Amino acid sequence: MGKISRTWSLMSDCWQMLRQDKSLLLFPLLSGICCLALLASFAVPLYATGHWEPPRSDAGSSQQVAYYGTLFLFYVCNYFIIVFFNAGIVACATMRMGGGQPTIGDGFRAAAARLPVIIGWALVSATVGLILRIIEDRSEKIGRIVAGLLGMGWTVVSFLVVPILVVENKNPIAALKDSTVLLKKTWGEQLVSNFSFGMIFFLLGIPAFALILLGVFAGSMTALVACITLAVLYLIVLALIQSALQSIFQAALYLYARDGQVPEGFRAEVLGGALS
C-alpha cells in the first residue's frame, strides 16, 4: 500500500509538471493520429485482399513470409512513431527537470537528433513483437499465455530504454542493458507504478461509460449520440494525459536512478522510495 500511495504522489508530481507545459500533450496526440493513419494504410489493403487473418500452419512458406514480413514492417513503423514522440516528451521533461524552459520545438529537435537509435530500437522492438506474435499464432491458448508473460517481462526490462536513448544517445542494445541494471534498483516501484497508473486511469474512465449508459436510458437518439461523443472525447483526453504522465515519470525515475539526485519538480520523500 505504501508503494501504491507513493505512486499516486508521483503521478501528482508528474501532473504538476504537465500543468506547467500543457503543450506536451501535442506529442501523444500526434503519435495517436500517426498510428491510426498507419493502421489504416495497412489494414485497408489487407482486408480488401482477404489477407487479414494469419496463415494456417499448413500454408505455404511464401504466404507465411509475406504475412509476417508485412506484420514486421507494420511493427517497425508503429514502434518508430511511438518511440519518436515519446522521445520528444522525455527530452522536454529532462530539460525542465534540469531547470530549463523547453519548447515543443526543442522536443522535436531532440527526437530528430536521435533518429538512428530510435530506428534501431524500433527494429529491436518489432523483432521481439513479431516473435511474440508468432508464438501466439502457433498455439491459441498456451501461446497466448506464454506470449503474454514474455511480453510483460519485456515491457519491464525495457522500461527505461527511451530516456537512455534520448539523454545518452546509446545504441539500443547498450540502452537495454543499462535499463536492466537500473531496473534492479527500481523493480518494485516500476511494476506497482505501471499497475496503479493503469488502475487509476481505469477508474477515471468510469464516468465515460456512465455517460454512455445515461444516453442509452435517455431514450433519445440525439442524447445517445451526444453522450457517446462526449464520452469518446473524454477518453481521448484521458489517454493523452496518461501517455504524457507515463513518459514524464520514466524521465524522472531514470534521472534519479542514474544520478541519485531528485529532479526539479519532484519531492525527495516520494521519488526516494523508487530506489529501495
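Since we're looking at a predicted model, the values are computed, not measured. (Residues numbered from 1 in each chain as written. Predicted model: local features only at pLDDT ≥ 70, side-chain atom pairs only at ≥ 80, totals over all residues. Heavy atoms only, no water.)

## Overview of the pattern of salt bridges
Note the threshold: When a carboxyl oxygen of Asp or Glu is within 4 Å of a side-chain nitrogen of Lys or Arg, the pair counts as a salt bridge. Every helix listed is a DSSP run of H or I at least four residues long, and every strand listed is a run of E at least two residues long, numbered separately from the N terminus. Each residue gets one of three labels from its accessible area relative to the maximum for its type: buried under 20%, exposed over 50%, partly exposed in between, using a 1.4 Å probe on protein chains only.
By the definition in use, this model includes four salt bridges. Across the pair R109 and D106 runs a salt bridge whose closest N-O atoms are separated by 2.7 Å. Here D106 and R109 lie together in helix α4 (residues 104-113), a separation of three residues that amounts to about one turn. With a relative accessible area of 22%, D106 lands in the partly exposed category. The partner of K170 in a salt bridge is E168, with the nearest N and O atoms 3.2 Å apart. The class for K170 is partly exposed, based on a relative accessible area of 29%. Shared partners join several salt bridges into a network, and the residues in it are E168, K170 and D178.

## Looking at the packing of aromatic side chains
How we decide: In summary, the pairing rule links any two rings of Phe, Tyr or Trp, Trp by its six-membered ring, whose centres are within 6.5 Å, and it sorts them by plane angle into stacked for under 30 degrees, edge-to-face for over 60 and tilted for everything else.
All told, the structure shown has 11 aromatic pairs when counted by the stated rule. Taking 6.4 Å as the distance between ring centres and 35 degrees as the angle between the ring planes, the aromatic pair formed by F84 and F108 counts as tilted. With F84 in helix α3 (residues 61-97) and F108 in helix α4, this pair connects stretches of sequence that are 24 residues apart. We classify F84 as buried; its relative accessible area is 15%. You can call F108 partly exposed: its relative accessible area is 26%. Judged by centre distance (5.5 Å) and plane angle (15 degrees), the ring pair of W121 and W154 falls under stacked. With W121 in helix α5 (residues 115-138) and W154 in helix α6 (residues 140-157), this pair connects stretches of sequence that are 33 residues apart. On the basis of relative accessibility, which here comes to 4%, the residue W121 falls in the buried class. Grouping aromatic residues by their ring pairs yields a cluster made of F27, F80, F84, F85 and F108.

On their own, these measurements won't tell you what the molecule is for.
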